[in-house]
Amino acid sequence: MFLNRVFGARAARTVPVWGICIAAALAAPPSRATAATLTTLASFDTSTAGFPNGDLIADSAGNLYGTTEVIFGSVPGTIFKFDPSTNLISNVATFTTADGAHPYAGLIAAADGNFYGTAPSGGASGVGTVFKLDRTTNTLSAVVTFNSTNGANPQDRLIADSAGNLYGTTENGGANGLGTVFKINPTTNTLSTLFSFDNTTGNTPTSGLLADAAGNLYGTTMFGGASNLGTIFKLDPTTNTLTTLVTFNGANGAQPQASLIADSAGNLYGTASGGTGNHGTIFRLDPTTNTLTTLATFNGANGGLPLGTLIVDAAGNLFGTTYDGGANSAGNVFKLDAATNVLTTLADFDLANGNAPTGGLYADAAGNLYGATSSGGANGIGVISKITGAGFAVPEPSTFALLAIAGLGLLAFRRRRHSIVAV
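Quick caveat: nothing in here was measured; it's all calculated off a predicted structure.

S.K.: Hey, could you run me through the pattern of salt bridges in this one?
M.R.: A pair can form between side chains of opposite charge whenever their charged atoms are brought close. Applying the stated criterion across every chain, the model contains two salt bridges. Close ionic contact of R157 with D55 constitutes a salt bridge, the shortest N to O distance being 2.9 Å. Residue R157 is located in the loop between β11 (139-145) and β12 (159-160), and its partner D55 is located in the loop between β3 (37-43) and β4 (57-58); the two are separated by 102 residues in the primary sequence. Across the pair D337 and K335 runs a salt bridge whose closest N-O atoms are separated by 3.7 Å. Overall, D337 belongs to the buried group, its relative accessible area being 16%.

Now the structure itself:
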C-alpha cells in the first residue's frame with residue numbers, strides 16, 4: 001500500500017508519517033463543465049511579493065501559506081500568508097541569500113510545527129538550500145546549504161518520515177552533475193546523498209518524492225532514460241538502489257515535472273508534457289508490471305502543460321491545473337472524473353484573473369479549491385484564486401482531519417530555465 005504526501009484540506013500543523021492513502025482515479029476524453037466559478041481573491045503587488053510558483057498549505061484557522069520567487073528590490077523571495085476572511089496577503093518572512101533565494105516550491109509542516117522548504121539558489125555556494133521557518137518567531141534559517149557536490153538547485157517540496165528526516169531531490173549536482181535524491185537529519189542538519197543520477201537512470205529530477213509504507217521513494221526525472229525524455233524511478237533507501245520503472249518516449253508523455261500520487265492498490269498517477277500534439281498527459285503506472293497507461297491527453301483547447309501535482313477527492317476524481325492552453329491560452333483548472341472517465345474544464349484563466357498556474361490545488365473542508373497563478377492579475381505578478389462548484393467530494397471527517405498542512409507536491413515549470421522539447 002502506498003502512503004502519499006497529504007494534500008488538499010484544512011488541518012492542524014502536525015504531519016502524519018508519510019501521509020495518507022488516496023483513492024484510485026480513472027480518466028478519459030475531454031469535455032467542458034460550466035458549473036464551477038473562479039474568483040480572484042487577491043492580486044500580488046510590489047508591497048507583498050511576486051510570482052508565486054508553488055502550492056498552498058493551510059493552518060488550523062484556514063490561513064493559506066506559500067512562497068514567492070521575488071519581492072521587488074533586493075529581497076530574493078518571501079513566505080506569505082493569505083487570510084481568506086479578509087482576502088489580504090501579508091509577508092511572514094523575507095529571504096536573504098544566506099537563507100536561500102527565489103523559492104519555487106511550496107512548504108511542508110514538520111512534526112515540530114515549523115515550516116520547511118527548498119530554495120534553488122542562494123546559500124553559501126549559491127546553488128540552493130533547505131530552509132526552516134520557525135513558526136514561533138517567523139525566523140528563516142538555512143538547514144542545509146548545497147555545494148554542487150552534495151546536489152544543487154532543489155526545486156520541489158520535501159517529505160518527512162516518522163523520525164523527522166526530510167527527503168527531496170536536487171535538479172543538478174551530485175557525482176555526475178545530473179541531480180540527486182537526498183536525506184536530511186534536521187536534528188544534526190546532516191545531509192546524505194542517497195543517489196546521484198547518471199542519465200541512464202534519469203537526469204534532472206525536478207519533482208518531489210512519494211513514499212510507500214516500506215519507505216521506498218518514487219519520483220520522476222525531466223530528462224534522461226532511453227529517449228532522454230524522462231523517467232519514473234523507485235529508490236530503496238536502505239540500499240540506495242534505484243530502479244527505473246518507466247522511460248517516457250513522447251507518445252506516452254515527456255519531461256514529467258510534477259510529483260506523483262498513488263492509490264491504495266499501489267498505482268501511481270501523474271502528469272507530463274508530450275502526448276498527442278505535445279500538450280500533455282495524465283497517466284497511471286502499475287508499478288508491479290511497470291505498465292504506463294495514458295488516461296487523458298490535453299489538446300490545447302482543454303488545456304496544455306499540466307505542471308502541478310494532482311489532488312484527489314473522496315470519489316477518486318482528480319483535479320489539477322494547466323500552465324497554458326484553454327479558452328484564453330492562459331491555463332485552466334480541470335477535473336478528471338472517476339465515475340464518467342471524462343476530462344472537464346472547470347475554469348479558464350484570462351490574464352486578468354490570473355495566468356500560467358504552475359502549482360497544484362488546495363481543497364478546504366467545504367470542497368472549495370484554492371490556488372495561485374505565477375503571473376497575471378491586477379499587477380501582472382500573480383493571484384490567489386478560489387474555485388467553487390467544482391464538485392470536489394470532501395472525505396469523511398476522520399480522513400479529512402489527516403489531510404494536513406504538509407500538503408501536495410508540485411513542480412513549477414520554469415519557462416526561462418527549461419524548454420519543453422517538441423516530440
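S.K.: How should I be thinking about the confidence of the model for the protein in this particular structure?
M.R.: Predicted coordinates in areas of low pLDDT are best not read in detail. Within the protein, residue pLDDT values average 85, and 85% of them lie at 70 or more. Within the protein, the element-level pLDDT minimum falls on strand β1 (residues 2-3), averaging 36, and the maximum on strand β30 (residues 383-388), averaging 98. In the predicted structure, residues 1-34 sits below a pLDDT of 50 and forms 157 contacts with residues beyond four places in sequence or in another chain. Below pLDDT 50 for its whole length, residues 398-423 participates in 122 contacts with residues either more than four positions away or in separate chains.

S.K.: When you look at the environment of G303 in this model, what are you seeing that I'm missing?
M.R.: Structurally, G303 is set in the loop between β23 (291-297) and β24 (311-312). Classification of G303 as buried rests on a relative accessible area of 0%. Each residue touching G303, except ones within four places of it in the same chain, is listed here: H279, F298, T322, D324, G325, G326 and N332.

S.K.: Please clarify how unusual backbone geometry should be interpreted in this entry.
M.R.: A negative phi angle characterises most non-glycine residues, just as the trans form characterises most peptide bonds. Non-glycine residue F51 carries a positive phi angle of around 65°. Tracing the sequence through the fold places F51 in the loop between β3 and β4. The backbone of N290 sits at a positive phi, close to 60°, despite the residue not being glycine. Assignment of secondary structure puts N290 in the loop between β22 (281-286) and β23. Judged by its relative accessible area of 32%, N290 is partly exposed.

S.K.: I tried to follow the side chain of S375 on my own but got confused; where do I start?
M.R.: Structurally, S375 is set in the loop between β29 (369-373) and β30. Those residues within four positions of S375 in sequence are excluded, and the remaining contacts are G354, N355, A356, G380, I381, G382 and V383.

S.K.: Help me out: how do you make sense of the sheet that holds β23 in this one?
M.R.: Paired through their backbone hydrogen bonds, the strands of a sheet run either parallel or antiparallel. Across the sheet, four strands lie side by side as β20-β21-β22-β23; this open sheet has antiparallel pairing. The open sheet has two edge strands with one neighbour each: β20 (261-262) and β23. Of the strand pairs in this sheet, β20 and strand β21 (residues 268-272) are connected by two bridges, and their pairing is antiparallel. Note on β21: the bridge partner recorded for A262 is L268.

S.K.: Is there a simple way to think about the environment of T221 in this case?
M.R.: Looking at the secondary structure, you find T221 in strand β17 (residues 217-221). For T221, a relative accessible area of 0% gives the class buried. Spatially, the C-alpha atoms of T221 and I232 are 6.6 Å apart, while their sequence positions differ by 11 residues. In this structure, T221 is in contact with F197, G202, N203, T204, P205, G230, T231, F233 and P256, ignoring residues within four places of it in sequence. A polar contact is formed between the side chain of T221 and the backbone oxygen of F223, at a distance of 2.9 Å. Of the polar contacts made by the side chain of T221, one reaches the side chain of T231; its length is 2.8 Å.

S.K.: In this structure, what is going on with the packing of aromatic side chains? I would like to understand it.
M.R.: Geometry of an aromatic ring pair is reported as the spacing of the ring centres plus the angle between the planes. Tallied over the entire structure, the rule returns 10 aromatic pairs. With a centroid separation of 5.2 Å and an interplanar angle of 65°, the aromatic rings of F197 and F233 are classed as edge-to-face. Of this pair, F197 sits in the loop between β15 (190-196) and β16 (210-212) while F233 sits in strand β18 (residues 231-236), and the two are 36 residues apart along the sequence. Accessibility classification places F197 together with F233 in one group, the buried group. With a centroid separation of 5.1 Å and 65° between ring planes, the pair formed by F298 and F334 is classed as edge-to-face. In this pair, F298 sits in the loop between β23 and β24 while F334 sits in strand β26 (residues 332-336), placing the two residues 36 residues apart along the sequence. Judged by relative accessible area, F334 falls into the buried class, the value being 1%. Every member of this aromatic cluster is reached through a ring pair, and the members are F195, F197 and F233.

S.K.: Is there a simple way to think about the sheet that holds strand β28 (residues 362-363) in this case?
M.R.: Strand order across the open sheet formed by four strands is β3-β30-β29-β28, with antiparallel pairing between neighbours. At either end of the open sheet lies a strand with only one pairing partner, and these are β3 and β28. With six bridges joining them, β3 and β30 adopt antiparallel strand pairing. Within the sheet, the bridge partner assigned to T40 lies in β30 and is S385.

Reading guide: rules and limits
Residues numbered from 1 in each chain as written. Predicted model: local features only at pLDDT ≥ 70, side-chain atom pairs only at ≥ 80, totals over all residues. Heavy atoms only, no water. Salt bridge = Lys/Arg side-chain N within 4 Å of Asp/Glu carboxyl O. Helix = DSSP H or I, 4+ residues; strand = E, 2+ residues; numbered from the N terminus. Buried < 20%, exposed > 50% of the residue type's maximum accessible area, 1.4 Å probe, protein only. pLDDT = per-residue confidence, 0-100. Contact = heavy atoms within 4.5 Å. Pairing = 2+ DSSP bridges. Polar contact = N/O pair within 3.5 Å; in protein donor to acceptor, adjacent residues only side chain to side chain. Phe/Tyr/Trp six-rings, centres within 6.5 Å; stacked < 30°, edge-to-face > 60°.

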